[in-house]
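Residue-level structure breakdown
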Amino acid sequence: MSESVTLTAAEVEAKLLKGPFHQWLGLKVVSVGDGEIELKATWRPEWVVNAERGYVHGGILATLIDLTADWALVSKTGRGVPTVDLRVDYHRAAMEGDLTAKGKVVKFGGTLSVAEAQVLDGEGRLLASGRGVYMTATPK
């Protein structure tokens, strides 16, 4: 599928929240466009890995990178797609507070596609960034 699929933020959110893990993350679709998406993840104390220091487990940030890059492809696929490869870079510790994730398509292909994402804290500071390869072939 190479033509764009027009979905509203509410329609994308309804698809995204079919997954119980996505519900647990408290995800909200802020905006969706042609090859772009912005999500908000609502803070949960269960994200904390170090109670003394209060910072968020890197797996939460990696999850947000993965699913945000994945769902940036929704304007081309109309659905979430499987991850083939993922790279995440951590830039600073995420502390208590909601997180914003922004994703965009780098290259859309008939079989494999590449998208990237960033996770920001409430003050707009970059916490993590990454890039994924996704299987975008039409399901048989």
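Data block above holds the structure.
Here we summarise the structure given alongside this text. Values in this document were obtained by computation on a predicted structure and should not be read as measured data.

Quick word on the overall build of the chain
The number of helices and strands found in the chain is 4 helices and 8 strands. Moving toward the C terminus, one meets the helices and strands of the chain in the order α-α-β-β-β-β-α-α-β-β-β-β. Its C-alpha radius of gyration of 15 Å places the chain within 12% of the 14 Å reference for a compact globule of 140 residues. Counting only C-alpha atoms, the chain reaches 50 × 25 × 25 Å along its principal axes. Classification of the 140 residues of the chain by burial places 39% in the buried group.

A look at a nonpolar patch on the surface
On the surface, Val-84, Leu-112 and Met-135 cluster together to form a nonpolar patch covering roughly 240 Å² of accessible area. Locating Leu-112 in the fold gives a position in strand β7 (residues 112-120).

Topic: the side chain of His-22
Structurally, His-22 is set in helix α2 (residues 20-24). Looking at His-22, its side chain comes within polar contact range of the main-chain oxygen of Leu-16, at 2.9 Å. Apart from the residues lying within four places of it in its own chain, the contact partners of His-22 are Leu-16, Leu-17, Leu-27, Leu-67 and Trp-71.

As for the pattern of salt bridges
For the structure shown, the criterion picks out 8 salt bridges. Residues Asp-34 and Lys-76 are paired through a salt bridge, measuring 3.6 Å at the closest nitrogen-oxygen approach. Of the two residues, Asp-34 is situated in the loop between β1 (27-33) and β2 (36-41) and Lys-76 in helix α4 (residues 74-77); the sequence distance between them amounts to 42 residues. A relative accessible area of 16% means that Lys-76 is categorised as buried. Several salt bridges share partner residues, and in doing so they unite Lys-104, Glu-116 and Arg-131 into one network.

What counts and how
Residues numbered from 1 in each chain as written. Predicted model: local features only at pLDDT ≥ 70, side-chain atom pairs only at ≥ 80, totals over all residues. Heavy atoms only, no water. Helix = DSSP H or I, 4+ residues; strand = E, 2+ residues; numbered from the N terminus. Rg over C-alpha atoms; globule rule 2.2 N^0.38 Å. Buried < 20%, exposed > 50% of the residue type's maximum accessible area, 1.4 Å probe, protein only. Patch = residues over 30% accessible without salt bridge, like charges linked within 9 Å, V, L, I, M, F, W, Y side chains within 5 Å. Areas by Shrake-Rupley, 256 points an atom, 1.4 Å probe, with all protein chains shown as cover. Salt bridge = Lys/Arg side-chain N within 4 Å of Asp/Glu carboxyl O. Polar contact = N/O pair within 3.5 Å; in protein donor to acceptor, adjacent residues only side chain to side chain. Contact = heavy atoms within 4.5 Å.

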